Amino acid sequence: MNEFIRFYTWGIKMKFHMAIYTLALIATNGFVKWLMGERSITIPTLLEMMLVCFAIALLETWIFPEEGIWEGSAMVRRTVLWSLVCNTGFIGWNPGLDWFSGIPGWAAIVLLLFLEGGLAAMWFAMHVALKKDTEQLNQKLQLYKNGN
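Just so it is clear, the structure is predicted and the values come from calculations on it, not from any experiment.

Cut-offs used in this document
- Residues numbered from 1 in each chain as written.
- Predicted model: local features only at pLDDT ≥ 70, side-chain atom pairs only at ≥ 80, totals over all residues.
- Heavy atoms only, no water.
- Helix = DSSP H or I, 4+ residues; strand = E, 2+ residues; numbered from the N terminus.
- Rg over C-alpha atoms; globule rule 2.2 N^0.38 Å.
- Buried < 20%, exposed > 50% of the residue type's maximum accessible area, 1.4 Å probe, protein only.
- Contact = heavy atoms within 4.5 Å.
- Areas by Shrake-Rupley, 256 points an atom, 1.4 Å probe, with all protein chains shown as cover.
- Lys, Arg positive; Asp, Glu negative; His and termini not counted.
- Charge placed at Lys NZ, Arg CZ, Asp CG, Glu CD.
- Salt bridge = Lys/Arg side-chain N within 4 Å of Asp/Glu carboxyl O.

Quick look at the overall build of the protein chain now. If you tally the helices and strands in the protein chain, you get 5 helices and 0 strands. Ordered by position from N to C terminus, the α and β elements of the protein chain give α-α-α-α-α. Taking 15 Å as the expected radius of gyration for a compact globule of 148 residues, we find that the protein chain reaches 19 Å, considerably beyond that expectation. Once the C-alpha set of the protein chain is aligned to its principal axes, its extents read approximately 65 × 35 × 30 Å. For the protein chain, the proportion of its 148 residues judged to be buried stands at 28%. In the protein chain, of all internal contacts separated by at least 6 residues, the share reaching a separation of at least 24 is 74%. Summed over its atoms, the accessible surface of the protein chain is roughly 10,200 Å², and 70% of this surface lies on carbon and sulfur atoms. A gap of 6 Å separates the mean positions of the 11 positive and 11 negative side-chain charges of the protein chain.

Take the pattern of salt bridges next. This model, assessed by the stated rule, comprises 2 salt bridges. Linking Glu3 and Arg6 is a salt bridge whose minimum nitrogen-to-oxygen distance equals 3.3 Å. Taken as a pair, Glu3 and Arg6 lie in helix 1 (residues 2–35) at a separation of 3 residues, close to a single helical turn. Classification of Glu3 by relative accessible area gives exposed; the value is 52%.

If you want it as structure tokens, here you go:
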């Protein structure tokens, strides 16, 4: 039963990240299309984005497994690998999948900056904000155990 719960919890967290990445891609694609005078996103594009985001979230759980505590050079190496995986997934697949075709050069730069800002926010959430939240919960648990 514990193994099932561990797998289930892993799946929930992985799909949560997949959903965040997918929503960000769809919103960005919709905004770019709206600026270019279009009003729709095709179903194949939505499915492609979801599958790429699934692959990225899956690799993310391999790069930053739940059991590990990453600091120092290990955190740097894993962060660089994660960044490469994300950038390859989001940028590398674009030409073949045609998600942002026809945008002007300045818009491509804005998209790249938006992507990097989003990745930085996701990294911060995963490794700073949630870690701080866990530390606070552990402190409160310790106070409770001590009868305070």
